[in-house]
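Each chain is listed here by its residues.
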Amino acid sequence: MNQPVVLITEELAPSVVAVLGDGFDIRSCDGADRAALLPALAEADAVLIRSATQIDEEALAAAPRLKVVARAGIGLDNVDVPAATARGVMVVNAPQSNIVSAAEQAVALLLACARNIAPASAALKAGKWERSKWTGVEVADKTVGVVGLGRIGVLFAQRMSAFGVRLLAYDPYVQPARAAQIGVRLVTLEELLRESDFISIHLPKTPETVGLIGEKELATCKPGVRFVNAARGGLVDEHALAQALKSGHVAGAGIDVFATEPCTASPLFEFDTVVATPHLGASTVEAQDKAGIAVARSVKLALEGDFVPDAVNVQAGGAVVPELRPALPLVEKLGRVFTALAGHVASTLEVEVRGEIAAHDVSVLQLAALKGVFADVVEESVTFVNAPALAAERGLEVSLTADADSPDYRNLLTLRGVLPTGETVEVSGTLAGTRQVEKLTSVDGFDVDLPASEHLVFFRYVDQPGVVGRVGAALGEAGVNIAGAQVSRAAQGGDALMGLTVDSAVPADVLAEIASAIGATSARAVDLS
């Protein structure tokens, strides 16, 4: 009997092969060399990669036997996850492998920036003894702002507390009590920018966070601020940061990630006060060893048909009964819609399952819901393993109910949560027809019939004539095409909800302008791509 082929395309820790054991045909190639990669993929059942191997449509098409793509690390920028999902290929990573290394990298950059370590070292090696030129600043008694309190952000804050700093944080998805436990005071982004001497970014890269720190935000900062970004490239506008450095308003920066990578030329490189590293956040012996071992275990589980808790897409392995598998991506999308509608962390979340599938063990659907709830909130990838821990860390109480009775739909899945303000957020969905099309059936009590497409927009407003036309005209002017639209209302002249499916993401400024024009009480865009 032929053994499953596991293709390793980049250097991994020796422990990886040991974890896989003797039951696999382990092969290797240079993943950065497409001429070598594509033929090697032809017989691969699994491929283990790091950051240099691109698994895109072309690579997936060259791998007819491929069952799993395993990224030995946290980022998945080099894997086309939607294309893999469409082909039924599982994608796994190692979301916990590098969190300590990434936090330590941010601390290292902050200290190097404060004390001008890089330029002083370069000058000395060039034969220049310039003590006075490279005078730095102390970190003690300063204010450090942490943008994003995911696991890496928390680890960074905990380490910085040892330096005797005042810690501020901005994260709308963390409750104040949780922040207080780790010695951090939650504030608005504007207050954090205005008061911090050092600012470190720890956010995921989403349409909402790209360019979060731009010209306006940098101008809000106090003079002499120093920035650190070891999270994701593009969160800080590099051109705006360069201009702020040039004017002297920003005193320095520590940058490990860039909008386009690899990056060997940047306006930031012109400044001695910038410490730049080539995306080294996960580049430690310990992180690489942890990552390799984690994904090797996942590959082994996947190829043996077992449940794979670290799967980042909807393929959760053989332990999930076939009747539940189509519901996993829908529940995950409902979680993402829930978070977008809430805009903050909920205090409680109920996952309600109604219909025929309630006869099965539906506990995996609760995990899928949490995976979606936190997908666009935290910096690290969310999996079935870390989703419950993320909920616990944020004080989110989760419950699951199942009932075979479903009067209106064969199966109905609902996420219902209560925010700290007492406001309730609810979203429901179903799988419609023989093709099991994913649809939203209600949003905050308003009946809808919307496909769970890549780009959704919701407006809450008081029912009045002309709103649909104004929204359509504004989106048209912005070059956003409407694929479908629906208005649901409680009564004529009462509260109304407009749900739209659009062909591309709606820019935040356009969304805000439309909301103002129609007097919307809320306007939310959801990106499910």
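Residues numbered from 1 in each chain as written. Predicted model: local features only at pLDDT ≥ 70, side-chain atom pairs only at ≥ 80, totals over all residues. Heavy atoms only, no water.

### Here's the deal with the environment of Gly 466
To keep it simple, the criterion reads: To qualify as a helix, a DSSP run of H or I must reach at least 4 residues; to qualify as a strand, a run of E must reach at least 2; elements of each kind are numbered from the N terminus.
Tracing the chain through its elements places Gly 466 in the loop between strand 19 (455-462) and helix 16 (467-477). Counting along the chain gives 52 residues from Gly 466 to Ile 518, while the straight-line C-alpha distance between them is 8.9 Å.

### Regarding the packing of aromatic side chains
We count it as follows: Centres within 6.5 Å make a pair out of two Phe, Tyr or Trp rings, where for Trp the six-membered ring is used; the pair is then stacked when the planes are under 30 degrees apart, edge-to-face when over 60, and tilted otherwise. For each residue, the accessible area found with a 1.4 Å probe, counting protein chains only, is set against the maximum for its type, and the residue is called buried under 20%, exposed over 50%, and partly exposed in between.
Overall, the coordinates contain one aromatic pair when judged by the stated rule. Both rings, one in Phe 258 and one in Phe 269, keep their centres 5.7 Å apart while their planes meet at 80°; by these two values the pair is edge-to-face. With Phe 258 in the loop between strand 11 (250-255) and strand 12 (274-276) and Phe 269 in the loop between strand 11 and strand 12, this pair connects stretches of sequence that are 11 residues apart. You can call Phe 258 buried: its relative accessible area is 6%. You can call Phe 269 partly exposed: its relative accessible area is 36%.

### Re the sheet that holds strand 20 (residues 482-489)
Selection rule: In this analysis, strands are considered paired if DSSP registers two or more bridges between them. Here an angle of 0 to 180 degrees is reported between the N-to-C directions of two axes, which are lines fitted to C-alpha atoms, with helices fitted over the stretch in contact.
The strand order across the open sheet built from four strands is 20-21-19-22, with neighbouring strands paired in antiparallel fashion. The outermost strands of the open sheet, each flanked by one partner alone, are strand 20 and strand 22 (522-527). Direction aside, the axes of adjacent strands within the sheet are offset by 15° on average. Of the pairings in the sheet, the one linking strand 19 to strand 21 (residues 495-502) comprises seven bridges and is antiparallel in character. Following the sheet pairing, Phe 458 is matched in strand 21 by Gly 499.

### Thoughts on helix 13 (residues 327-342)
Rule in force here: Expected helix span is given by 1.5 Å per residue-to-residue step, counting one fewer step than there are residues.
In a regular helix each residue adds 1.5 Å, so 16 residues correspond to 22 Å; helix 13 covers 22 Å between its end C-alpha atoms and thus fits that length. Among the 16 residues of helix 13, 15 are classified as buried, and the element is accordingly described as predominantly covered. Just downstream of helix 13 lies Gly 343, where phi reads positive at about 75°.

### Remarks on helix 17 (residues 508-518)
Inclusion rule: Picture the helix axis, draw a direction to every C-beta atom, and the arc is the one those directions span. Note on contacts: a residue pair qualifies if any of its non-hydrogen atoms lie within 4.5 Å across the two residues.
Taken as a whole, helix 17 has its buried residues at Val 510, Leu 511, Ile 514, Ala 515 and Ile 518. The arc that holds every buried residue of helix 17, seen down its axis, measures 135°, which confines them to one face. Exposed side chains of helix 17 directed beyond 90 degrees from the buried face belong to Ala 508, Glu 513 and Ser 516. Here the buried face of helix 17 lies against strand 19, helix 16 and strand 22. Count one or two residues on from helix 17 and you reach Gly 519, which has phi positive near 65°.

### Describing the side chain of Ser 196
Worth spelling out the cut-off: In the analysis that follows, any N or O atom pair within 3.5 Å is treated as a polar contact, provided that within protein one partner can donate a hydrogen and the other can accept it, and provided that, for residues neighboring in sequence, both atoms belong to side chains.
Topologically, Ser 196 is positioned in the loop between helix 9 (189-195) and strand 9 (198-201). With a relative accessible area of 0%, Ser 196 lands in the buried category. Within the structure, the side chain of Ser 196 is placed 3.4 Å from the backbone nitrogen of Gly 145, a separation counted as a polar contact. Among the polar contacts listed, one links the side chain of Ser 196 to the backbone oxygen of Leu 192, at a separation of 2.7 Å.

### Re the pairing of strand 13 (residues 348-355)
As judged from the seven bridges shared by strand 13 and strand 14 (residues 397-403), these two strands associate in the parallel manner. For Leu 349, the partnering residue across the bridge sits in strand 14 and is Val 398.

### Things to note about the sheet that holds strand 14
Taken together, the six strands give an open sheet; going across it, the order is 14-13-15-16-17-18, and neighbouring strands pair in mixed fashion. Sheet topology places strand 14 and strand 18 (446-451) at the edges, where each strand pairs with a single neighbour. Averaged over all neighbouring strand pairs, the angle between strand axes comes to 20°, with direction disregarded. With four bridges connecting them, strand 17 (residues 437-443) and strand 18 associate as antiparallel partners.

### Some details on the pairing of strand 20
Of the pairings in the sheet, the one linking strand 20 to strand 21 comprises seven bridges and is antiparallel in character. Bridge pairing links Ser 488 to Leu 497 in strand 21.

### Structural notes on the pattern of salt bridges
Heads up, the condition is: We count a salt bridge whenever a side-chain nitrogen from Lys or Arg sits within 4 Å of a carboxyl oxygen from Asp or Glu.
The tally for this structure, following the rule as stated, stands at 26 salt bridges. Residues Glu 393 and Arg 151 are paired through a salt bridge, measuring 3.1 Å at the closest nitrogen-oxygen approach. Residue Glu 393 is located in helix 15 (residues 387-393), and its partner Arg 151 is located in helix 7 (residues 151-161); the two are separated by 242 residues in the primary sequence. A network of salt bridges, in which partner residues are shared, links Glu 350, Glu 352, Arg 354, Asp 403, Arg 416 and Glu 426.

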